[in-house]
Amino acid sequence: MPATPPPVSFDPARGLAVLRTPGSVYALRVDADGSPRHLYWGAVLDPDDLAALPAAVSPAASSFESEAAADELAPQTGARFGPAGLQVRFADGTRGAQWTLTGHTVEGNELRLHLADRRYPLAADLCYRVRPGSDVIERWVELSHTGPDGANDSDVSGPIVVDRLDSASWTAPALPDYRLSHLVGGWNSEFRLHRDRLPVAETVLTSRRGLTSHHANPWLALDDGTATEEHGEVWSTALAWSGSWRITVHRDPTGRTTWTGGFGHEGLSWTLQPGESLQTPAFAGLYTAHGFGAASRAWHDHVRRHVLPEPERDRPVVYNSWEATGFAVDHDGQLGLARLAARLGAELFVLDDGWFGARTSDRAGLGDWTPRPAAFPDGLRPLADEVHRLGMSFGLWVEPEMVNADSDLHRAHPDWVVHTPTRDATELRNQLMLNFGRPEVEAWAHRTLDQVVREHDVDWLKWDANRVVTEAGWPGHPDPDRLWIDHVRAVHRIMDRLRADHPGLRIEACAGGGGRVDLAVLARTDQAWTSDNTDPVDRLGIQHGFSQLYPAQTMAAWVTDSPNAATGRSTPLRFRFHVAMAGALGLGGDLTRWTAEELDEAAALVARYKEIRPLVQRGRQHRLSAPGGVTAVHYAAEDGTEHAVLVCRPATRFGHRAPALPLPALDPAAHYLDLDEGATYSGALLARQGIDPRLPAGDYASSLIRLRRVD
Ligand code: DGJ
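Residues numbered from 1 in each chain as written. Predicted model: local features only at pLDDT ≥ 70, side-chain atom pairs only at ≥ 80, totals over all residues. Heavy atoms only, no water.

What about the nonpolar core?
What tends to happen in soluble globular proteins is that the nonpolar side chains get buried as a cluster. By size, the foremost hydrophobic cluster in this structure holds 174 residues, and its most contacted members are Trp259, Leu351, Trp355 and Phe577. If near-sequence neighbours (up to four positions away) are discounted, Phe577 is found in contact with Val559, Leu585, Leu587, Ala602, Leu605 and Val606. Counting residues in hydrophobic clusters, the runner-up holds 16 residues, among them Ala632, Leu666, Ala670 and Tyr672. (Core = buried A, V, L, I, M, F, W, Y, C linked by side-chain atoms within 4.5 Å. Buried < 20%, exposed > 50% of the residue type's maximum accessible area, 1.4 Å probe, protein only. Contact = heavy atoms within 4.5 Å.)

And the structure:
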């Protein structure tokens, strides 16, 4: 029997690197000029086929083009005219790199290609990693100034300015056409899926805000324009970074499509002194042969198995007081809500904004993280204790990166904010942003949060961020654009330290809703607040987009009041629940105004959610239809026994019966018991013909169908 090829290999004689995952192969070759160039990314090839792969070349043929294949990281030298993933300037003004391969390392599932510039003291490791059982390939770069400290040969030494350092460049195979799927939006409308023909142009997806952003998420998928949820090849990538980022997709006139991406937006530069290095975040890529649905499930699996810190823990049913009380929080009011929330089955009570400093509105107090005496005369401990006695965990909202000018912290340390001394500072939501790149600010933030957690017996932090970077500056720092990297890394570091020092502490990522959701923040948080827009109809679109990359257990979804605070739309409680039950369910309404019937109905629906929670939070998700008419999502247990289908139809149409919903994930050879109706159905019929969605008449109709495999 032929030996199984290793997941990662490099053949120095041929310069050939091969990465193998269960469902894909990725290959590259280091060319004679020392540049790693893309060879193949797609369905599994056996070693003989791989050996026979012709050297990749550019589809362009003229003296105005290079004949070389696309780069693994384009270095701004030679006949390269697309977006460069690496842009450097040396002390003598020379730009770009020309590489020699100096070696390679294969350790376990990780490959590093060691490259050195032929003339200048610059080295780069192009790094690749695969994970057992996953088709995701992670790539990043480590760039180093290898010059001797204090060298005076300014020709080749001296600082190196890095104008761009992407994590990776990716190349799609030659396809008859290209379609780009990506996520766009804004505050209250995050994660809208856009699927458009890719123009013959450079298409830039970016955030210049210092946060991942509500406006674009660093994920994209490419297909040939014919893929569906169930069929077709899809190449998708996701960048693990929580600050500014840029991905440039380049479809050139010859038809070649490549994309390069990494941290930072255009115009930033970082300086490497001799001996210094810069490491990029990971840019992960995934090839899938079976449509967008399979691509999402593979990403979900990757996030659960290799990104989330504690994927196996159930996400609790949260009650959050923000929509109920806004800034008007006090001990008695919160306790009243906590008692009602416990009655409904909530497992976590989160006290949101307004509990600290002089924070009675968004104009003051941010930065002063001690309980507001008028609201909590004996501190927060009595509330935390009572919440615990009610059987719930206690959670607290914080926004550690931000400060109101009207706060003791700002009065004491006006220099701690991100600012340029000669520019007027823009306030957003009446707040400024602290520069966590400064070690003393990071230390203060960590100390403060650590104390908050300890003193108030906090089990859960909702870490919010309600503004973005403007007038970026770091007075006195020799390399001020480091702010864009160092701030983000400090946020990550503090989260990591808090988790390490407080085992059991959970963190919810939030930035005015879904402004900071990415693979890096999810590596140290449990879930993300998806959007401040809790209108269930709007949420269907938001959740559809979110699910392209992120699993349902990370998607916080609350049931709030009707009419909805954001849209004014009135919807039935059951509809609101059925939408929110597709994620990590929470309650966010003013429960004191819910009728006894509503409270009873809510308690029953929370109980029902807990029954299907293992499927939603740990099962496999199948999107049955996109928002528009009837939206349906099917969650199947890993072992295929239990199933839950959530169906929502915002608007009825006269004369149009809701069509049967095929459940292609079911086993056609099996039978399934409908747990609520008692009927047994053939899997073949359910998979092909579909199940009656059982929607009641009228607008905002919804249903939950539960099936169990019986043979
Ligand atoms: C924005 C968040 O998204 C909301 O849920 C809430 O926590 C507010 N901030 C509080 O200011």
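There is more to say, and it comes next.
Examining the packing of helix 4 (residues 331–344) against helix 5 (residues 381–389)
Closest axis-to-axis distance for the helix 4/helix 5 pair is 10 Å, and the angle between their directions is 10 degrees. The orientation of helix 4 relative to helix 5 falls into the category roughly parallel. Facing helix 4, whose interface residues are His331, Gln334, Leu335, Ala338 and Arg339, helix 5 presents Pro382, Leu383, Glu386 and Val387. Its residues assigned to classes, the contact of helix 4 with helix 5 comprises five nonpolar, two polar and two charged. (Axes fitted to C-alpha atoms, helices over the stretch in contact; angles between N-to-C directions. Helix = DSSP H or I, 4+ residues; strand = E, 2+ residues; numbered from the N terminus. Parallel < 35°, antiparallel > 145°, perpendicular 65-115°, else oblique. Nonpolar A, V, L, I, M, F, W, Y, C, P; charged D, E, K, R; others polar.)

Describing the sheet that holds strand 2 (residues 16–21)
Spatially, four strands are ordered 1-2-3-4 in an open sheet, and the strand pairing comes out antiparallel. The sheet is open, and its two edges are formed by strand 1 (8–11) and strand 4 (36–42), each paired on a single side. Shown here is a sheet whose adjacent strand axes are inclined to one another by a mean of 15 degrees, direction ignored. Relative to strand 2, strand 1 runs antiparallel, the two sharing four bridges. Across the sheet, the residue bridging to Phe10 is Ala17, located in strand 2. (Pairing = 2+ DSSP bridges.)

What to know about the pattern of salt bridges
Per the counting criterion, the structure on display carries 56 salt bridges. Residue Glu386 is joined to Arg389 by a salt bridge in which the shortest nitrogen-to-oxygen separation is 2.9 Å. Highlighted residues: Glu386 and Arg389, both in helix 5, separated by three residues, approximately one helical turn. On the accessibility criterion, Glu386 (18% relative accessible area) is buried. Take Arg389: its relative accessible area is 62%, and that puts it in the exposed class. The salt bridge involving Arg482 is made with Asp479; its shortest N-O contact spans 3.0 Å. Here the salt bridges do not stand alone but share partners, grouping Glu110, Arg112, Asp125, Arg129, Arg131, Glu138 and Glu142 into one network. (Salt bridge = Lys/Arg side-chain N within 4 Å of Asp/Glu carboxyl O.)

Focus: the domain arrangement of the protein
Parsing the protein into structural domains produces domain 1 (72–306), domain 2 (318–617) and domain 3 (622–709). For domain 1 versus domain 3, the distance between C-alpha centres works out to 39 Å. Domain 1 puts seven residues into the contact, and the matching count from domain 3 is four residues. Taking both sides of the interface into account, the surface hidden between domain 1 and domain 3 amounts to around 450 Å²; carbon and sulfur atoms contribute 30%. For the pair domain 1 and domain 3, the interface holds one salt bridge. Ionic pairing is found between Arg623 and Glu229, a salt bridge with its closest N-O pair at 3.1 Å. (Domains from an automatic or database assignment. Buried area = accessible area lost by both parts, 1.4 Å probe.)

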